[in-house]
Amino acid sequence: MKNFVKIFAINLILLGCTEKNGNPNEKSFTLDSFPVQKNLESKKYNFEEILTATLIAIKNDKLIISENYRGGSGPDRKLIHIIQKDSMRYLYPKGKQGYGPGEIISIRSFDQGWNDSTFWAYDLNEKNFHEYSLEDTLTTSIQTFKQSEQSFFAISWSWLTPDTFVGRMMNDSHAFAIYDTANVLQRKLDPWFEDKEVDEYQGYILGDIKQGQTAYNKDRKLLVHAQINSDIVEIIPVDSPSEKITISGPISEPLKYEIKGSGRNIGADIFMENTLAYNNVFLGKESIFLVYLGYTRAESINRESKLSNEIFELDYQGNPIAYYQLDRQIYSIAVDEEERKIYAVTYDEDPGVAVFEY
């Protein structure tokens, strides 16, 4: 097992946005590939109710913001905040923290769901998916789904239909799997290798080194996975996953790591000189927006969390559209494509929401 893999290298020719080995579904880009490059200035809004913001989403005319679950304590702590988008006025909290009915411990991601008046929050720690109403001030969820033993190794949750969800897998031969609301496996997507079997330990290592942020565009039926350890973005049609598009850039450096341990204690030790890539992804109707880090793991030790001032915009064929350099460090984003505004969570001494017009 120690010899399963030691170095994962991707050798790409970086001449603008190019195809790899003539394959139109494997592309690469550099910063010079972007036809539009802009410096964006922001207006920042602070809210005394929000202490340690992490994630942000848009639903209808509202912003949905999550708190770091480690950022405080108390029986009445709330992990979700609702903001009126046009006026940037604080409305009300949701997401009562706790282990009781309808309560949530942490928030890994948000999902739009299929109901126009609700949204979902995924709690990876408790393997629960909570639905919240946007039309009332109830702080607990109105519905909760819990992962069972069958779907336990899914570490993300995105609704595909009102009755099925797709999860990023660990300890598996495939990167994704689709389950119904009874946690019954429907099918798997995106095998790690087409020509050989992968056991649970190899699946764990591959899931670990290729970890990142996953989002789903339900109108286009596309999964997008942006890796943090390598600057790789994958665009996967759920109905035809063999047509996956893989984009590498802007550095496309080899990811170097060493396998350590064995059995259930096996893991990948990623070298500190590797450059961190994508920390957050937002899927719009027309474009993919990526928060790019661009500093090494060693450099990240002296930085505040995973902060960035760079955003890439790609189309759904993986082609570069625009490169935005921001006037402040941000953590995560949500984008209003009609108003051409980027809403970003700041993660500084006075956390808030920065609004950029692009």
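Cut-offs and rules
Residues numbered from 1 in each chain as written. Predicted model: local features only at pLDDT ≥ 70, side-chain atom pairs only at ≥ 80, totals over all residues. Heavy atoms only, no water. Helix = DSSP H or I, 4+ residues; strand = E, 2+ residues; numbered from the N terminus. Rg over C-alpha atoms; globule rule 2.2 N^0.38 Å. Buried < 20%, exposed > 50% of the residue type's maximum accessible area, 1.4 Å probe, protein only. Contact = heavy atoms within 4.5 Å. Pairing = 2+ DSSP bridges. Axes fitted to C-alpha atoms, helices over the stretch in contact; angles between N-to-C directions. Polar contact = N/O pair within 3.5 Å; in protein donor to acceptor, adjacent residues only side chain to side chain. Core = buried A, V, L, I, M, F, W, Y, C linked by side-chain atoms within 4.5 Å.

A. Inspection of the overall build of the chain at higher detail. In terms of regular secondary structure, the chain is built from two helices and 30 strands. At 20 Å, the chain has a C-alpha radius of gyration in line with the 21 Å of a compact globule built from 358 residues. Along the longest, intermediate and shortest principal axes, the C-alpha atoms of the chain span 55 × 50 × 40 Å. Every one of the 358 residues in the chain was classed for burial, and the buried ones make up 56%. In the chain, once contacts between residues fewer than 6 apart in sequence are set aside, the share between residues at least 24 apart is 47%.

B. Just the side chain of Q84, in detail. Locating Q84 in the fold gives a position in strand β8 (residues 78-84). Those residues in contact with Q84 that sit more than four places away from it in its chain are D61, K62, R89 and L91.

C. Highlighting the pairing of strand β9 (residues 89-96). Bridge analysis of β8 against β9 gives six bridges, and the strand direction is antiparallel. Counted as the bridge partner of I83 is Y90 from β9. The hairpin turn running from β8 into β9, its antiparallel successor, is four residues long, and M88 in that turn takes a positive phi close to 55°.

D. Broad picture of the sheet that holds strand β12 (residues 128-133). If you trace the four strands from one edge of the open sheet to the other, you get β10-β11-β12-β13, paired in antiparallel fashion. Of all strands in the sheet, those bounded by a partner on one side alone are β10 (109-111) and β13 (143-146). Strand-to-strand twist of the sheet, defined as the mean angle between neighbouring strand axes without regard to direction, takes the value 25°. Bridging between β12 and β13 involves four bridges; their strand directions are antiparallel.

E. Focus on the environment of R220. You can see R220 is positioned in the loop between β18 (212-217) and β19 (222-227). Along the backbone, R220 and N171 are 49 residues apart, and their C-alpha atoms lie at a distance of 28 Å. Contact partners of R220, with chain neighbours within four places excluded, come to K285, E286 and Y316. Polar side-chain contacts of R220 include one of 3.0 Å to the backbone oxygen of K285.

F. Representation of the nonpolar core within the structure. The biggest cluster of nonpolar side chains holds 34 residues, and the ones touching the most others in it are Y324, I333 and I342. Elements with a minimum of two residues in this core: β6 (53-59), β7 (62-67), β25 (287-292), β27 (320-330), β28 (332-336), β29 (341-345) and β30 (352-357). Sequence-distant contacts of Y324, defined by excluding residues within four places in its chain, comprise K38, L40, F289, N309, E310, I311, E313, R340, I342 and Y358.

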